[in-house]
Amino acid sequence: MRAESNGTSRRILCVFPRYTSSFGTFEHSYPLTDGVRAFMPPQGLLLLAAYLPREWQVKFVDENLRRTTTEEFEWAEAVFVSGMHIQRQQMNDICRRAHELDLPVALGGPSVSACPDYYPSFDYLHVGELGDATNQLLEILSRDTSRPEAQVVLTTKDRVPMTEFPIPAYELADVKKYFLGSIQYSSGCPYQCEFCDIPGLYGRNPRLKSPEQIIAELDRLRECGMTDTVYFVDDNFIGNRKAALDLLPHLIEWQKKTGYVVRLACEATLNIAKRPEILEKMREAYFITIFCGIETPDPDALKAMHKDHNMMVPILEGVQTINSYGMEVVSGIIMGLDTDKPNTSDVLLSFVEESKIPLLTINLLQALPKTPLWDRLEREGRLVEDDGRDSNVNFLLPYDDVVSSWKHAMAVAYEPEKVYARFQYQCDHVYVHRLKMPTPDEMKTWPNIRRGLVMLRNIFWKVGVLGDYKRVFWKFALGRIKRGDLEGLIGCTLIAHHLITFARAASSGKQNASNYSIRLREASVPAE
């Protein structure tokens, strides 16, 4: 589905703002690859680009790959931007550069939808998802591309059904330069965890694309060069369990047809461990990773944050169940909760050791607008407006103690020996449960072989020779080489190197203790 045109033609420049250093974007892995330079193609702007009227021209720039040129701004009649809270300063900078050429700039996405007041200098604010507000914006620009005298705020009231979404314009993105492919099946989550803004932004009743749409998108990603892992960016892959069960046979059939070249990953609540019929089909569809928001091993804390569904099965048992289907668990962890105690970091580190989860995104609690947490802390007078802090929450424990506990947890959890020990466990006890199939012919081609050799060269030189934890690396690497598991060697080392490098910076105070904090991000550049 595309927006209708009134016969006009416009030139639209879609610009995605750059991320700064983050635990979850794996930028320290990129130098070990064969040219990866960014995390995932942005779904929102690529969807919008595909939705524009057929007569309109569109260019897309992801500033995680390169900076937008002056010539591209000069080509455009209007600029579209989208992003999250942590990209706020970069979005303002794009707006400033566009305004230098007197171009109108429209901003959409999750950040402006939650906090329109953050962005007073943009010409158009698109609040909400693809829908009637989008059509209003396009209608305005079809009539006049001069900047309005005052900011115009357009709010979606009637959303375009996801079954009518066009295939995102993946062809505009250089997908080979991304660490992961991305695809969206659903939007919304039925749960109401206190700290999460998903229900407030996208609703509690998950909306869905059809399985046929997902297969068409996967085909398009393949046509554009994506051959590695594709990440389902859904708020909760099993938000609608029946729908997930309906989709999985289509994914299994597609994988069989394409030779299982692509690996799949997703986000889901830990209670997926109670659904073996889903896990078995996910295994058959070649899902290899599930991100679970475990948040904390403390049952009292889970109850306080209204995440009781994490207690439907003992957490360690749930992790082991998922592992038994060949899927690695990645976990979100929050520190700074009201239920935390002085020994919380030690309890967390014990959980890390017991669970054998290699990758845990450990964050300080941050209150986001449009969440019950924000509302509660606002009532209690515990929101702090200070960009120099790692969190906007006035913790019950002393702030400096909480930050120190976080630094300690990061330092210990990501010691090279501990990281590689957890990955060794995954190799010995998790990956062995994955589907076994012959190497597809597509993977035996010279370009793919060359790609693997380039990554091995980079890994051996930058980690095995120049790295300061080379003895730990070689102990792991030689074991993988003896077993002929070069794929496991490459995959584990890429992630481990990022975790170790980032955690060292974090424990020394050179990284933010929350993915949502802007404490150490670039100085704010005001838009004009």
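Residues numbered from 1 in each chain as written. Predicted model: local features only at pLDDT ≥ 70, side-chain atom pairs only at ≥ 80, totals over all residues. Heavy atoms only, no water.

Draft legend 1. Region of interest: the overall build of the chain. Along its length, the chain carries 18 helices and 14 strands. In terms of overall size, the chain behaves like a compact globule, its C-alpha atoms giving a radius of gyration of 23 Å where 528 residues would be expected to give roughly 24 Å. Expressed along its principal axes, the backbone C-alpha trace of the chain runs to roughly 65 × 60 × 50 Å. Within the chain, buried positions represent 57% of all 528 residues. Of all intrachain contacts in the chain linking residues separated by at least 6 positions in sequence, the fraction that spans at least 24 positions is 78%. Looking at the chain as shown, the accessible area adds up to about 22,100 Å², and 52% of this sits on carbon and sulfur atoms. Of the side-chain charges in the chain, 61 are positive and 69 negative, and the distance between the mean point of each set is 6 Å. (Helix = DSSP H or I, 4+ residues; strand = E, 2+ residues; numbered from the N terminus. Rg over C-alpha atoms; globule rule 2.2 N^0.38 Å. Buried < 20%, exposed > 50% of the residue type's maximum accessible area, 1.4 Å probe, protein only. Contact = heavy atoms within 4.5 Å. Areas by Shrake-Rupley, 256 points an atom, 1.4 Å probe, with all protein chains shown as cover. Lys, Arg positive; Asp, Glu negative; His and termini not counted. Charge placed at Lys NZ, Arg CZ, Asp CG, Glu CD.)

Draft legend 2. Highlighting the pattern of salt bridges. Following the criterion strictly, the structure yields 34 salt bridges and no others. Two residues, Arg-382 and Asp-338, come together in a salt bridge whose shortest N-O distance is 2.8 Å. Here the residue Arg-382 occupies a position in the loop between α13 (372-380) and α14 (399-413), and Asp-338 occupies one in the loop between β13 (328-335) and α12 (344-355), the gap between them amounting to 44 residues. What makes Arg-382 buried here is its relative accessible area of 9%. (Salt bridge = Lys/Arg side-chain N within 4 Å of Asp/Glu carboxyl O.)

Draft legend 3. Representation of the packing of helix α17 (residues 470-482) against helix α18 (residues 486-507) within the structure. Running from N to C, α17 and α18 point in directions that differ by 155°, and their axes come no closer than 8 Å. As the angle between them shows, α17 and α18 are arranged roughly antiparallel. For the element pair α17 and α18, the recorded crossing hand is right-handed. Contacts between α17 and α18 pair Phe-473, Phe-476, Ala-477, Arg-480 and Ile-481 from the former with Leu-486, Gly-488, Leu-489, Cys-492 and Thr-493 from the latter. Split into classes, the residues belonging to the contact of α17 with α18 amount to seven nonpolar, two polar and one charged. (Axes fitted to C-alpha atoms, helices over the stretch in contact; angles between N-to-C directions. Parallel < 35°, antiparallel > 145°, perpendicular 65-115°, else oblique. Left-handed = near helix turned anticlockwise from the far one by under 90°. Nonpolar A, V, L, I, M, F, W, Y, C, P; charged D, E, K, R; others polar.)

Draft legend 4. Quick peek at the sheet that holds strand β1 (residues 11-16). An order of β2-β1-β3-β4-β5-β6 is seen for the six strands of this open sheet, with the pairing classed as parallel. Each edge of the open sheet is held by one strand with a lone partner, namely β2 (57-62) and β6 (152-155). Averaged over all adjacent pairs, the angle separating strand axes in this sheet is 20°, with direction ignored. Here β1 pairs with β2 via six bridges, running parallel. If you follow Val-15 over to β2, its bridge partner there is Val-61. Running at roughly 175° to strand β3 (residues 78-82), helix α3 (residues 88-99) makes contact with β1, β3 and β4 (105-108) of the sheet. Against the sheet, helix α5 (residues 132-143) contacts β3, β4, β5 (124-127) and β6, and its axis sits at roughly 145° relative to β6. (Pairing = 2+ DSSP bridges.)

Draft legend 5. Structural view of the packing of aromatic side chains. Under the criterion given, the structure shown has 18 aromatic pairs. Taking the centre distance of 5.5 Å and the plane angle of 20° together, the rings of Phe-26 and Phe-179 count as stacked. In this pair, Phe-26 is assigned in the loop between β1 and α1 (43-51) and Phe-179 in the loop between β6 and β7 (181-183), connecting sequence segments 153 residues apart. Pairing Tyr-420 with Phe-476 gives two aromatic rings, centres 5.2 Å apart and planes at 55°, and the pair type is tilted. (Phe/Tyr/Trp six-rings, centres within 6.5 Å; stacked < 30°, edge-to-face > 60°.)

Draft legend 6. How the structure looks around a nonpolar patch on the surface. Taken together, the side chains of Trp-446, Ile-449 and Leu-453 define a hydrophobic patch exposed on the protein surface, amounting to about 330 Å² of accessible area. By the secondary structure assignment, Leu-453 is in helix α16 (residues 446-462). Accessibility expressed as a relative area gives 47% for Leu-453, which makes it partly exposed. (Patch = residues over 30% accessible without salt bridge, like charges linked within 9 Å, V, L, I, M, F, W, Y side chains within 5 Å.)

Draft legend 7. Geometry of the side chain of Asp-93. One can find Asp-93 in helix α3. Residue Asp-93 is classed as buried on the basis of its relative accessible area, which comes to 13%. Within the structure, Asp-93 has its side chain in polar contact with the side chain of Arg-96 (distance 2.6 Å). (Polar contact = N/O pair within 3.5 Å; in protein donor to acceptor, adjacent residues only side chain to side chain.)

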